[in-house]
Amino acid sequence: MNITIPNRFLILSIVGPLIASLSNFCIFIIFPLAFDDSGMGSFIKSNYLGGLYLFGVASSTTPVTLLAFKQKNFTFIFVYFFLSLLLIVLLPVFEYSFNLGISFGLKTYICLFSALFLQYTSFVLAKLVILERARDILTLVIIQPLSFLIILLINIIFNFEIDWAFIYFFSCMASIYFAQKFNSDLQPIFFGYTSSIKSVLAKLIAVMIGGVGISLFLQIEQIFVGRVLYLDIEKFVIFQKIYSSIPIALLTIYGSYLVKKALQINLTFTESFNLIIVGIFVFCFSLIFQFFLITIFPGYKLLSDMIFFISICSAIFSVVNIIFMRHVIFKPLQTSIICLISQIIYFFILFVLRPDTFEMVISCTSLFFLILGILLLVVNYQYNKNNENSYSNV
């Protein structure tokens with residue numbers, strides 16, 4: 001049985017993330033190459049804790065919201081944001097304890113609050129996906145990166161010399177304005193409460209941990225390639241951004257919608273969507289995107305030998321990313337363990353083989369996502385089989 005996707009929703013779910021992805025591409029790649037002193041280096045330092053919060057906490061917002069929708073229980077949202085606020089308060093304590101060398105100036109706190117704004121925006125965005133509000137989704141997806149890009153252009157053209165941290169904050173303020181505006185008009189989707197916080201805490205923490213599994217892998221992979229394999233980390237980050245950002249941009253909204261539909265009508269994901277089509281589509285788009293980079297920007301000739309490897313990796317990642325999102329909600333603890341096992345296998349292979357080319361590293365990365373996907377499908381099959389047995393015994 002297949003799920004019918006509204007054409008308008010499908011188009012906007014692809015167009016919105018693509019505009020956002022292209023805006024971020026201009027901000028974080030084109031600008032630093034075009035301007036020697038773009039201000040990005042200072043912004044990265046100021047945004048260290050903000051980025052850590054987005055990567056370590058806020059990236060689980062969508063699966064937690066989908067979990068709350070599946071359970072029809074607002075308590076998950078309440079506890080989640082309480083834990084998030086607690087963690088954002090404890091981040092300075094974490095830095096002080098481990099002496100990471102971060103100076104807690106005004107710009108650091110501005111970036112930290114900006115991360116909190118973006119987390120709330122992600123929560124509202126997930127609700128919009130559940131309610132299938134296509135036009136509002138498009139607006140909320142593009143408003144922050146597009147306003148960031150426009151203000152940066154104005155800042156450069158008129159030489160205002162406004163720090164990137166403040167521009168980032170203004171763009172996040174724009175996103176939270178629209179998020180709150182949309183949220184106030186939404187119909188309720190969480191109809192219940194649980195009096196006992198303990199009953200939701202364990203599953204919520206498991207979903208939060210599982211939800212950051214792939215983000216954690218991407219960060220560790222960068223460290224491993226630079227510190228253990230001693231490859232050019234700047235080049236590898238470009239390769240990684242391409243293979244990871246394309247499926248994330250294309251499938252952030254569309255994937256959430258598919259997961260929501262599967263939760264709603266209680267179908268397995270493989271029954272509701274043809275994963276092979278997704279992989280082929282992303283593979284083709286990745287090829288076109290990389291050829292475009294090489295043609296327009298001569299500095300990206302380094303991609304010439306990597307196009308096929310990156311496209312394969314991007315295609316596999318896009319398929320696994322959707323499967324992973326659904327499994328985090330249904331089986332969060334098992335998904336976290338599977339992701340950890342896959343990462344151990346991946347880094348063990350890298351440590352033993354010690355690849356000295358980017359082609360070999362990206363090939364191993366593709367193998368990681370392939371192993372992760374296979375293990376998730378095996379668990380999914382066993383989960384469905386157990387459910388069928390339980391129904392047959394009734």
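Structure: above.
Read on for an overview of the structure. For clarity, every value in this text was computed on a predicted model and none was experimentally measured.

Brief notes about the packing of aromatic side chains
According to the stated counting rule, one finds 28 aromatic pairs in the structure shown. An angle of 75 degrees between the planes, with centres 5.4 Å apart, marks the rings of Tyr80 and Phe81 as edge-to-face. Exposure class is identical for Tyr80 and Phe81. Each is buried. Considering the side-chain rings of Phe217 and Phe347, the 6.0 Å spacing of their centres and the 45 degrees angle between planes classify their relative orientation as tilted.

With respect to the packing of helix 7 (residues 134-157) against helix 8 (residues 164-185)
In a packed pair of helices, the relevant descriptors are the angle between the two axes and the axis-to-axis distance. Between helix 7 and helix 8, the least distance of the axes is 9 Å, while the angle of their chain directions is 155 degrees. Classed by the angle they form, the pair helix 7 and helix 8 counts as roughly antiparallel. The two elements helix 7 and helix 8 cross, and the hand of that crossing is right-handed. Between helix 7 and helix 8, the residues in contact are Asp136, Thr139, Leu140, Ile143, Gln144, Ser147, Phe148, Ile151, Leu152 and Asn155 and Trp164, Ile167, Tyr168, Phe170, Ser171, Cys172, Ala174, Ser175, Phe178, Ala179 and Phe182, respectively. Looking at the contact of helix 7 with helix 8 residue by residue, the class counts come to 14 nonpolar, 6 polar and 1 charged.

Side note on the packing of helix 14 (residues 307-330) against helix 15 (residues 332-353)
At their nearest, the axes of helix 14 and helix 15 sit 5 Å apart, and the two run at 135 degrees to each other. On the basis of their axis angle, the class for helix 14 and helix 15 is oblique. Along its contact with helix 14, which presents Phe324, His327, Val328, Ile329 and Phe330, the element helix 15 presents Pro332, Thr335 and Cys339.

Observations concerning helix 10 (residues 213-227)
An α-helical turn contains 3.6 residues, so a residue and the one three or four places further along point in the same direction. Along its 15 residues, helix 10 runs 21 Å from first to last C-alpha, staying within 8% of the 21 Å computed at 1.5 Å per residue. Restricting attention to buried positions, one finds in helix 10 the residues Gly213, Ile214, Phe217, Leu218, Glu221, Gln222, Phe224 and Val225.

Description of the nonpolar core
Considering soluble globular proteins, one finds that nonpolar side chains tend to be buried as a cluster. If you look at the biggest cluster of nonpolar residues, it comprises 106 residues, and the most contacted ones within it are Tyr53, Tyr243 and Phe369. Sort the elements by how many residues they give to this core and helix 6 (residues 106-131) lands first, with 13 residues. With residues near it in sequence (within four places) discarded, Tyr53 still touches Ala58, Ser84, Ile88, Leu91, Leu112, Ala115, Leu116 and Gln119.

Considerations on the side chain of Gln144
Of note, Gln144 is situated in helix 7. Of the polar contacts made by the side chain of Gln144, one reaches the side chain of Ser171; its length is 3.0 Å. Setting aside chain neighbours within four positions, we find Gln144 in contact with Leu118, Tyr168, Ser171, Cys172 and Ser175.

Details of unusual backbone geometry
Despite not being glycine, Tyr230 shows a phi value in the positive range, around 55 degrees. Within the secondary structure layout, Tyr230 lies in the loop between helix 10 and helix 11 (233-265).

Overview of helix 14
If you check helix 14, its first and last C-alpha atoms are 35 Å apart, about what 24 residues at 1.5 Å a residue would give, namely 34 Å. Burial within helix 14 is extensive, with 20 of its 24 residues counted as buried.

A word on the state of the cysteines
Overall, the coordinates contain 0 disulfides when judged by the stated rule. Looking at Cys111, it has no disulfide partner, and the nearest cysteine sulfur is the one in Cys172, 8.4 Å off.

Regarding the pattern of salt bridges
Under the definition given, this model contains 2 salt bridges. Its salt-bridge partner being Asp163, residue Lys107 comes within 3.1 Å of it at the nearest N-O pair. Within this pair, whereas Lys107 is found in helix 6, its partner Asp163 is found in the loop between helix 7 and helix 8, the two being separated by 56 residues in sequence. Arg133 is the salt-bridge partner of Asp136, the closest N and O atoms lying 2.7 Å from each other. You can call Asp136 buried: its relative accessible area is 14%. With a relative accessible area of 27%, Arg133 lands in the partly exposed category.

What counts and how
Residues numbered from 1 in each chain as written. Predicted model: local features only at pLDDT ≥ 70, side-chain atom pairs only at ≥ 80, totals over all residues. Heavy atoms only, no water. Phe/Tyr/Trp six-rings, centres within 6.5 Å; stacked < 30°, edge-to-face > 60°. Buried < 20%, exposed > 50% of the residue type's maximum accessible area, 1.4 Å probe, protein only. Axes fitted to C-alpha atoms, helices over the stretch in contact; angles between N-to-C directions. Helix = DSSP H or I, 4+ residues; strand = E, 2+ residues; numbered from the N terminus. Parallel < 35°, antiparallel > 145°, perpendicular 65-115°, else oblique. Left-handed = near helix turned anticlockwise from the far one by under 90°. Contact = heavy atoms within 4.5 Å. Nonpolar A, V, L, I, M, F, W, Y, C, P; charged D, E, K, R; others polar. Expected span 1.5 Å × (residues − 1). Core = buried A, V, L, I, M, F, W, Y, C linked by side-chain atoms within 4.5 Å. Polar contact = N/O pair within 3.5 Å; in protein donor to acceptor, adjacent residues only side chain to side chain. Disulfide = S-S within 2.5 Å. Salt bridge = Lys/Arg side-chain N within 4 Å of Asp/Glu carboxyl O.

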